[in-house]
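Examining the three-dimensional arrangement
What follows is each chain in one-letter form.
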2 protein chains.
Amino acid sequence: MATIKDVAKLAKVAPSTVSRVIANNPRISDRTKERVREAMKSLGYHPNFIARSLANQSTQAIGIVLPSSADKAFQNPFFPEVIRGISKAAHQKQYALYMSTGETEEEIYDGVVHMVEGKRVDGIVLLYSSVNDKLTLFLRKKEFPFVIVGKPFKDVNEITHVDNDNYRASKEVTEHLIEIGHEQIAFIGGDLNLVVTIDRLLGYEKAVRNAGLPYKDEYIVHEEFLKEGGQEAVKELFGLSEPPTALVVADDLMAVGVLKMLFKMGIRVPEDVSVVSFNNIMMAELSQPPLTTVDINIFQLGCESARSIIQTIEYPMEPARRIIIPHKVVKRQSCKARDTAELKEA
Amino acid sequence: MATIKDVAKLAKVAPSTVSRVIANNPRISDRTKERVREAMKSLGYHPNFIARSLANQSTQAIGIVLPSSADKAFQNPFFPEVIRGISKAAHQKQYALYMSTGETEEEIYDGVVHMVEGKRVDGIVLLYSSVNDKLTLFLRKKEFPFVIVGKPFKDVNEITHVDNDNYRASKEVTEHLIEIGHEQIAFIGGDLNLVVTIDRLLGYEKAVRNAGLPYKDEYIVHEEFLKEGGQEAVKELFGLSEPPTALVVADDLMAVGVLKMLFKMGIRVPEDVSVVSFNNIMMAELSQPPLTTVDINIFQLGCESARSIIQTIEYPMEPARRIIIPHKVVKRQSCKARDTAELKEA
DNA sequence: TTGTAGGCGTTATCAA
DNA sequence: TTGATAACGCCTACAA
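Please read all numbers here as calculations on a predicted model, not as lab measurements.

**Topic: the pattern of salt bridges**
Residues and elements named next belong to chain A. Tallied over the entire structure, the rule returns 28 salt bridges over all chains. Where E106 meets K134, a salt bridge forms, and the shortest distance between an N and an O atom there is 3.0 Å. With a gap of 28 residues between them, E106 in helix α7 (residues 105-117) and K134 in helix α8 (residues 134-142) connect regions that are remote in the sequence. Using a relative accessible area of 45% as the deciding quantity, one classes E106 as partly exposed. On the basis of relative accessible area, K134 is assigned to the partly exposed category, the value being 37%. Each of R140, D155 and E158 takes part in a single network of salt bridges with overlapping partners.

Encoded structure:
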C-alpha cells in the first residue's frame, strides 16, 4: 500500500510537500503539485485516514446514539428516518457515521465512553432525551461536542438541541378533539422518562384544563413506544366505568397497536372512539383507518441535528442553540366529531 | 487527556509496560499490573483508539453499504432490520459500525473507496447484490474482506455471502397460489439489476412452467422496491384483456402499494385477486388485508452477515462460505382459493 | 517554495 | 519480567 513517502520518492520531493499538495496548500508551485499528483495517480495513492486522524486529532465522523432499548427502538421507523436525515446532512459535509450499540443502558453508556475517550468520533448525536440522563452528564463534563434530538431534561439553554414543539403540538391535537366535541379524552404515553413523553403529556393536560374538562388520572396511561405497548393501554382504559371517547397516543406505532386492540375488542374507530397520534410514519397512512397524526418532520430533525453537531465541532466556542422543527397536524380518518345529542342519549 | 506515557510516569514503568498491561500480557508481574492499573484509574486513562488502529492496522469497525438509492432504501424496513441484526452480532464481538452514505451510485462508490483505502474499517457488508456491481469488483481486486447480504451475481463460490433461498421461496409461494386454483398469476418485481429480483422471478417462472401454465410476458412487471412502485405495476396489469387473479409481489412494501392501488380501483383482495409477497416486515401484518408473505428472517440475515465478516477479518485465509438463512411462508388473509366452477362462470 | 525533524498515542521487536 | 526504540502514516513548525 502506497504511503506518502512512496509518492514523495517518486515525485522527488519531501513527504511534507506531498502532504501539502494533499491539503492543496497554496504555497506549493503548480509544477510541483502537478508532479506530485501524477505520482499519486500512478501509485494509486490514497491518504490513510487513521494516520491523518491521529495527527489532526479529528476523525470526520459523528457518533449516533440510540436509546438504550436500541434493539427494539430500531423497530420504530422514527429512528431509521432520523438517521436518514443525519446521513444526508453528514454526507454533504463529508462526515461519516459511526454507531456503537448495546442492549442495556450500561452497555450503551460504555459504548459511548469508548467512542469519546477513544476519540473515534468528533461529536455525538443523541437520538433521545431522557430524564437525568447519565450520558448527557458525561458528555457535558467531558465538554465533548454533542447535540440532542429532543429537548434536554435540564439546562435547556446550555445544550444544543433539535426538537419539535411537542407541548404545542400535543395541545393542538387535543384541542382538535375537544373542538369536535370530545370530553372524555385519554392520553396514552410512552416511557415517562423520555422528555418527549412529558412534553406531549403536558400539552394534552393544558388543552384539557383550558377547556374546563376534568383531568383524570385514570385517563393517563404509559407504555413503551412499541406496538405491543399500545395494546395493554387499551385494556386498562376500556375497563373503566367511564371509558374515553377519544385517545391521544404519543406515538404512531403505539397507535397502531391501539387500533389493533380496539378492533379485537369490537370498538370501532372513529365511530366509537377517535384517535390521534404523533410522528406520521408511513404506517400511519397505511393503518386501518389511516391515522390523524402530527407530522413532526423526522427527516428534517435528522438533517438539522447533523448540521448542528458539525457546526459545534467546527466552531466549538459558539453558544448552544435550540432548533425547533415545525410540525403539522395531518388529518385522516381516525377522528370523528362527537355529536353532543348522541352523547346525551348514550 | 492522559496518554500511556502519563500512566507510565505515574506508575514508574516504561510506556511499553503499560501497553502490555492493557493487553493483559501474562508476562507482566501482578504487582506491576496492579500499580499500572491504579495509575490508569487515577488519571482516568482510556486508550486512544485511533493511535491503536494506526499501530495495529486494524480498526475494529465494519462498514455498511446500502444500495445506491440509500436515501430511499432506508424507507424500506428491510434495511433497518438487517442493520439491527448486524449491530447485534457486531456488538457481541466488540466491533463498531461505520456507515458512509451517498445518493448516487458514484457517490456511494467513492464513499466505499474512502473507507477501504483510508483504512477506516476492517471489512465491509454489502446490503444488496446487483448485476455487474462495480463495488464487488473493486473489493475483490483489493482483496478487501467483505460479505454480501444476498447472492453474488457471479463467482458465487468465491464470495462469502448470506442469503435466503429466494428461488425456492418464490417457487413455493407461487405453487401455493397454483394449488389453491390460480392460473393467471402475475409477478411484480423490483429492479431487475438486483439478484434477489432475478431469483424470485426465476422461482416464480419455474413454478408456473412446472404447472403447465402459460408464462406470459405481460404478466411480468418491474418497479422499484418502494410503495409507489407497486401502484404503477397494478395499473399496467389490470389494463390487460385477461388480468391476473393472483399476484406474486417481490417485496412487502411494494405489495402494500399494490394493495392500496387495488383498493382504489375497487378490486377486492383476496376475493378478486390473491396477493403474496416477501420479507414479512411489520407492515405486512398490519396491512388491509394482512399479507401472506415469505418470512426471510431479516434480523438473522444481519446477524450472520456480521459474524461472517468478522470471521473473514480474523481468519482471512479461510475459503468463501455461503450461508443460507431459512425462510418460511406466513399465511395471512391476502389469498383465497379460486373456485374453478366460479371461474368457468366468469 | 520546499525540506527537516519531531510529534500524534500505540504496539512490537529486541535487549537486558 | 521489564525497558529502549523503532515503527504505523501523516501533519506542521521551523529552517533553509
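**So, empty space enclosed by the protein**
What the rule picks out here adds up to six cavities of 30 Å³ or more. Its boundaries defined by the atoms lining it, the largest cavity holds a volume of some 150 Å³. Forming the walls of the largest cavity are 14 residues, and the residues nearest its centre are I50 and R120 of chain A together with I50, Y98 and R120 of chain B. Mapped by element, the contributors of at least two residues to the lining of the largest cavity are α4 (49-56) of chain A together with α4 (49-56) of chain B. When its residues are assigned to classes, the lining of the largest cavity shows eight nonpolar, four polar and two charged. Of the voids in this model, the second largest cavity is the one considered here, and its volume is about 120 Å³. Lining the second largest cavity are 15 residues; nearest its centre among them are D133, T136, L137, F153 and K154 of chain B. Of the residues contributing to the lining of the second largest cavity, the split by class is seven nonpolar, four polar and four charged.

**A word on the environment of Y215 of chain A**
Residues and elements named next belong to chain A. Positionally, Y215 belongs in the loop between α10 (195-210) and β7 (220-222). Accessibility expressed as a relative area gives 21% for Y215, which makes it partly exposed. Spatially, the C-alpha atoms of Y215 and Q184 are 9.2 Å apart, while their sequence positions differ by 31 residues. What Y215 contacts, discounting residues up to four positions off in sequence, is L201, Y204, E205, V208, R209 and I220.

**Focus on the relation of the copies chain B and chain A**
At an RMSD of 0.1 Å, chain B and chain A line up after a rotation of 180° and a shift of 0.0 Å along the axis. Expressed as an axis order, the relation between the two copies is that of a two-fold axis. Using C-alpha coordinates, one finds that chain B approaches the rotation axis most closely at Y98 of chain B, a distance of 2.3 Å.

**Considerations on the nonpolar core**
Nonpolar side chains in soluble globular proteins tend to be buried together. In terms of nonpolar packing, the biggest core is built from 152 residues, with L127, L247 and L262 of chain A together with L127, L247 and L262 of chain B touching the most fellow members. Each residue touching L262 of chain A, except ones within four places of it in the same chain, is listed here: V234, F238, L247, I267, V269, V273 and V275 of chain A. Counting residues in hydrophobic clusters, the runner-up holds 42 residues, among them V65 and I108 of chain A together with M115 and I159 of chain B.

**So, the protein's contact with DNA strand C**
Among the 26 residues in the neighbourhood of DNA strand C, the closest are listed as T17, R20 and T32 of chain A together with I4 and S19 of chain B. Within 4 Å of the protein, the contacting atoms of DNA strand C are 67% sugar and phosphate, with bases supplying the remainder. Residue S29 of chain A places a main-chain N or O atom 2.7 Å away from a phosphate oxygen belonging to DNA strand C. Element by element, the count of residues in the surface near DNA strand C is highest for α4 of chain B, at four residues. Grouping the constituent residues of the surface near DNA strand C by class yields 10 nonpolar, 11 polar and five charged.

**Side note on the side chain of S287 of chain B**
If you trace the backbone, S287 of chain B turns up in the loop between α13 (282-286) and β10 (292-295). Discounting chain neighbours no more than four positions away, the residues touching S287 of chain B are V256 and L259 of chain B.

**Regarding the protein's contact with DNA strand D**
Around DNA strand D sit 25 residues, and of these I4 and Y45 of chain A together with T17, R20 and T32 of chain B come closest. Among atoms of DNA strand D positioned within 4 Å of the protein, sugar and phosphate together represent 67%. One of the side-chain N or O atoms of S19 of chain A is found 2.8 Å from a phosphate oxygen in DNA strand D. N48 of chain A is positioned with one of its backbone polar atoms (N or O) 3.0 Å from a phosphate oxygen of DNA strand D. Going through the elements one at a time, α2 (15-22) and α4 of chain A together with α2 (15-22) and α4 of chain B are the ones with two or more residues in the surface near DNA strand D. Residue classes in the surface near DNA strand D are distributed as 10 nonpolar, 10 polar and five charged.

Basis of the calculations
- Residues numbered from 1 in each chain as written.
- Chains lettered and ligands numbered in written order.
- Predicted model: local features only at pLDDT ≥ 70, side-chain atom pairs only at ≥ 80, totals over all residues.
- Heavy atoms only, no water.
- Salt bridge = Lys/Arg side-chain N within 4 Å of Asp/Glu carboxyl O.
- Helix = DSSP H or I, 4+ residues; strand = E, 2+ residues; numbered from the N terminus.
- Buried < 20%, exposed > 50% of the residue type's maximum accessible area, 1.4 Å probe, protein only.
- 1 Å grid on protein atoms, 1.4 Å probe; cavity = no way out; pocket = protein on both sides within 12 Å on 5 of 7 lines; lining within 4 Å.
- Points joined across faces, edges and corners; volume = space filled by probe spheres on them.
- Nonpolar A, V, L, I, M, F, W, Y, C, P; charged D, E, K, R; others polar.
- Contact = heavy atoms within 4.5 Å.
- Least-squares fit on C-alpha atoms with pLDDT ≥ 70 in both.
- Core = buried A, V, L, I, M, F, W, Y, C linked by side-chain atoms within 4.5 Å.
- Near = heavy atom within 4 Å.
- Polar contact = N/O pair within 3.5 Å; in protein donor to acceptor, adjacent residues only side chain to side chain.

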